[in-house]
Each structure stands twice: as C-alpha cells, then as structure tokens.
Amino acid sequence: TFLDGHLRHFTESVQEVSNNLIKAALGLHKQVEVTFRKTAQNFHYEFNMRHLANVFSGMLVTNTDKYVTPERIVLLWLHESMRVYGDRLVSISDMDKLSAILRNQSGKTF
C-alpha cells in the first residue's frame, strides 16, 4: 500500500502498525457510514471512499523526525479521521458519537 511505502523510512515499530492503521480506518469508515446516514436535514452526510483516502492523504505528508513512535502515528490517524469525518458533522451530539466511534475503534485495534 501507499502507507507501507511511505512508512518504510520510519522506525520498525512505526512500520509495524501499518496494517492495524488500515484495519482501523476501514472499520471506522464502515461505522461512520452506518451511523451518519444521509437525511433531508443532513443531506451532506454522504461518506465515500474519497473520505477514507483523505485520511491517508493527510498521513502521507508526515516525516520521520516527528513520528518516531507508533503512538504518535496512531494519534495522527485519530486527528486525520476527526478532521475528515468531523468536518462534515453539524451537531455536537454527532461529534460526540464520532468521538465514541473513534475511541471504540482505536481500543479494538491498538
């Protein structure tokens, strides 16, 4: 994957979380699609593969100086996921739901 190629310059411990990052991102995307359905009021709640790609696109601009531990890369994934998916949400309760989904997904995967 692109992520594996990018992370090959990072420490071995960072490289080892690549597969889990992908699993977590896919699981999160599925949960977001199910939880935040498009409605007449929230017609823009339409999540597709472009959103998933945007999460990884944000991660692919990292450098080896700042991301030397797996924890830092996981925190970056959480940040990028919140940025990409959270920017589309319109209410505090939906943001809270997204935060809970992220906590659940990261807890299961990492």
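What you see is a predicted model; the values in this text were computed from it and never measured.

Enquirer: Would you explain the overall build of the protein chain in this entry?
Expert: A tally of regular secondary structure across the protein chain gives 6 helices and 0 strands. N-terminal to C-terminal, the α/β element order of the protein chain is α-α-α-α-α-α. With the C-alpha coordinates of the protein chain rotated into their principal frame, the extents come out at 45 × 25 × 20 Å. Put simply, the protein chain has 110 residues, and 40% of those count as buried. Put simply, of all contacts in the protein chain between residues at least 6 apart along the chain, 70% involve residues at least 24 apart. Accessible area for the protein chain stands at about 6,500 Å²; split by element, carbon and sulfur atoms hold 55% of it. Seen as two clouds, the 13 positive and the 11 negative side-chain charges of the protein chain have centres 6 Å apart.

Enquirer: What's the story with the nonpolar core in this structure? I'm lost.
Expert: Proteins that are soluble and globular tend to have nonpolar side chains buried together. Ranked by internal contacts, the top residues of the largest apolar core, which has 28 residues, are Leu21, Leu28, Phe36, Ile73, Trp77, Tyr85 and Leu98. Looking at this core, the elements with two or more residues in it are helix H1 (2-7), helix H3 (18-35), helix H4 (49-59), helix H5 (70-86) and helix H6 (92-109). With 6 residues, H5 is the largest single contributor of residues to this core. Here Ile73 is in contact with Leu7, Val14, Val17, Leu21, Met59 and Tyr67, once residues within four sequence places are set aside.

Enquirer: What exactly am I supposed to notice about H3 here?
Expert: Here H3 is 18 residues long and its end C-alpha atoms lie 26 Å apart, about the 26 Å a rise of 1.5 Å per residue gives. The complete set of buried residues in H3 reads Ser18, Leu21, Ala24, Ala25, Gly27, Leu28, His29 and Val32. For H3, the elements touching its buried residues are H1, helix H2 (12-15), H4, H5 and H6.

Enquirer: It is not clear to me how the pattern of salt bridges should be interpreted in this structure. Could you clarify?
Expert: Note that side chains of opposite charge can pair when their charged atoms are close. Within this structure, the stated rule accounts for 3 salt bridges. Two residues, Glu46 and Lys38, come together in a salt bridge whose shortest N-O distance is 3.3 Å. On the accessibility criterion, Glu46 (44% relative accessible area) is partly exposed. With a shortest N-O distance of 2.6 Å, Glu80 and Arg83 are connected by a salt bridge. Of the two residues, Glu80 and Arg83 are both situated in helix H5; the distance of 3 residues between them amounts to about one turn of the helix. Since its relative accessible area comes to 8%, Glu80 is described here as buried. Looking at Arg83, the relative accessible area reads 35%, which means it is partly exposed.

Thresholds, definitions, all that
- Residues numbered from 1 in each chain as written.
- Predicted model: local features only at pLDDT ≥ 70, side-chain atom pairs only at ≥ 80, totals over all residues.
- Heavy atoms only, no water.
- Helix = DSSP H or I, 4+ residues; strand = E, 2+ residues; numbered from the N terminus.
- Buried < 20%, exposed > 50% of the residue type's maximum accessible area, 1.4 Å probe, protein only.
- Contact = heavy atoms within 4.5 Å.
- Areas by Shrake-Rupley, 256 points an atom, 1.4 Å probe, with all protein chains shown as cover.
- Lys, Arg positive; Asp, Glu negative; His and termini not counted.
- Charge placed at Lys NZ, Arg CZ, Asp CG, Glu CD.
- Core = buried A, V, L, I, M, F, W, Y, C linked by side-chain atoms within 4.5 Å.
- Expected span 1.5 Å × (residues − 1).
- Salt bridge = Lys/Arg side-chain N within 4 Å of Asp/Glu carboxyl O.

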